[in-house]
Amino acid sequence: MAFAELNGVRVCYQLTGDAGLPALVLSNSLGANLAMWEPQVNPIGSRYRLLRYDTRGHGRSSIPPGPYTVADLGQDVLRLLDFLGIEQASFCGLSMGGSTGIWLGINAANRIGKLVLADTAARIGVAEVWSTRIETVLRDGLDSVIPGTLERWFTPSFHSAHPDVVAATSAMLHATDVQGYSACCAAIRDADFRASLQFIHSPTLVIAGTHDPVTTPEDGRYIAQNIANASYVELPAAHLSNVEAASEFNAALLDFLDA
């Protein structure tokens, strides 16, 4: 682990792989941290220089006062790339990380090689639900929403077959700071890219989980249909498809990045 001081935000990151390899940024979902990408490290890391990082308010990154915006999250990525001297990188973000990726695709196309938007939506949920979520976690803590989150993140069959993975994911959620979590909830609540997807021109892959109740296949297809020449892949998973369908996720990612 290493840290970068970026315009008042301390970002924890892990950069692995030979400097001569093309760079790929991996951006975590709400409530997670860079450890959620462990299933990708070995299969992808042999061919790409992986930059994983904890989104502000998460993991070991600092927790500046909220609320945040998706622009804040995107600017953190650009500053981290500047800090590391990486002129251009491909970007893969899941859920909240996907929202960050959409912002980057619209606002920083010159810095993004290829763009992967996984288990995300042009608008994730509705504002009222996010405002209620913020009120709930600030009042009752993250324990009040973690059981429901885990139900949405993995299918019942995955819960039964891989209780160890579910337990590790639960621990990751429990370790998240409630202030950072709620500040990022506000960023997701206020992000609506439905009218601006057309401005993304980077080669784009959209990944959706067939059983995802959060960002549904319909949400994924909407993104793909509104970005010129975007491709779409649907995997047998719920919301955290990079974990539940790791082999299929990795194959789709490599096929796209290597093409």
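Here the structure is shown first, and the text comes after it.
Quick summary incoming for the structure in this document. Quick caveat, the model's predicted, so the values are computed rather than measured.

1. A short note on the packing of aromatic side chains
Turning to step 1, where the next piece is worked out: Under the defined criterion, the tally for this structure stands at 3 aromatic pairs.
Turning to step 2, where the next piece is worked out: Pairing Tyr13 with Phe83 gives two aromatic rings, centres 6.3 Å apart and planes at 70°, and the pair type is edge-to-face. Within this pair, whereas Tyr13 is found in strand 2 (residues 9–16), its partner Phe83 is found in helix 2 (residues 70–84), the two being separated by 70 residues in sequence.
Turning to step 3, where the next piece is worked out: Geometrically, the ring pair formed by Phe154 and Phe158 is stacked, given 4.9 Å between the ring centres and 25° between the ring planes. Neither Phe154 nor Phe158 differs from the other in exposure class; each is buried.
Turning to step 4, where the next piece is worked out: Between Arg10 and the ring centre of Phe3, over which it is positioned, the NZ or CZ distance is 3.9 Å.
Turning to step 5, where the next piece is worked out: Seen from the ring of Tyr68, Arg56 lies directly overhead, with NZ or CZ sitting 5.0 Å from the centre.

2. Details of the sheet that holds strand 5 (residues 89–94)
Turning to step 1, where the next piece is worked out: If you trace the 8 strands from one edge of the open sheet to the other, you get 1-2-4-3-5-6-7-8, paired in mixed fashion. Strand pairing shows two members of the sheet lacking a second neighbour, strand 1 (2–6) and strand 8 (231–235), which therefore form its edges. Between one strand axis and the next, the sheet turns through 25° on average, direction left out of account.
Turning to step 2, where the next piece is worked out: Most of the contacts of helix 9 (residues 217–225) go to strand 8, to which it runs at about 165°, and overall it touches strand 6 (112–118), strand 7 (204–209) and strand 8.

Each value, and the rule that gives it
Throughout, residues of each chain are indexed from 1 in the direction in which the sequence is written. Per-residue local features are limited, in this predicted model, to residues with pLDDT of at least 70; the limit for side-chain atom pairs, both in listing and counting, is 80 or more; totals at the level of whole chains, interfaces and linings are taken over all residues. As a convention, hydrogens and water are excluded, and side-chain values are obtained from all of the structure's heavy atoms. Pairing of aromatic rings covers Phe, Tyr and the six-membered ring of Trp, with a centre-to-centre limit of 6.5 Å; geometry is then stacked below 30 degrees between planes, edge-to-face above 60, and tilted otherwise. Here a helix means four or more residues in a row that DSSP labels H or I, a strand means two or more in a row labelled E, and each is numbered from the N terminus. The buried label goes to any residue with under 20% of its type's maximum accessible area, the exposed label to any with over 50%, and the partly exposed label to all in between, with areas taken from a 1.4 Å probe on protein chains only. Sitting over a ring, as applied to charges here, requires NZ of Lys or CZ of Arg to be within 6 Å of the ring centre and within 35 degrees of the ring normal. Paired strands are those between which DSSP finds at least two bridges. Axis lines are fitted to C-alpha atoms, over the contacting stretch for helices. Their N-to-C directions set the angle, which ranges from 0 to 180 degrees. Contact criterion: two residues are considered in contact whenever any of their non-hydrogen atoms come within 4.5 Å of each other.

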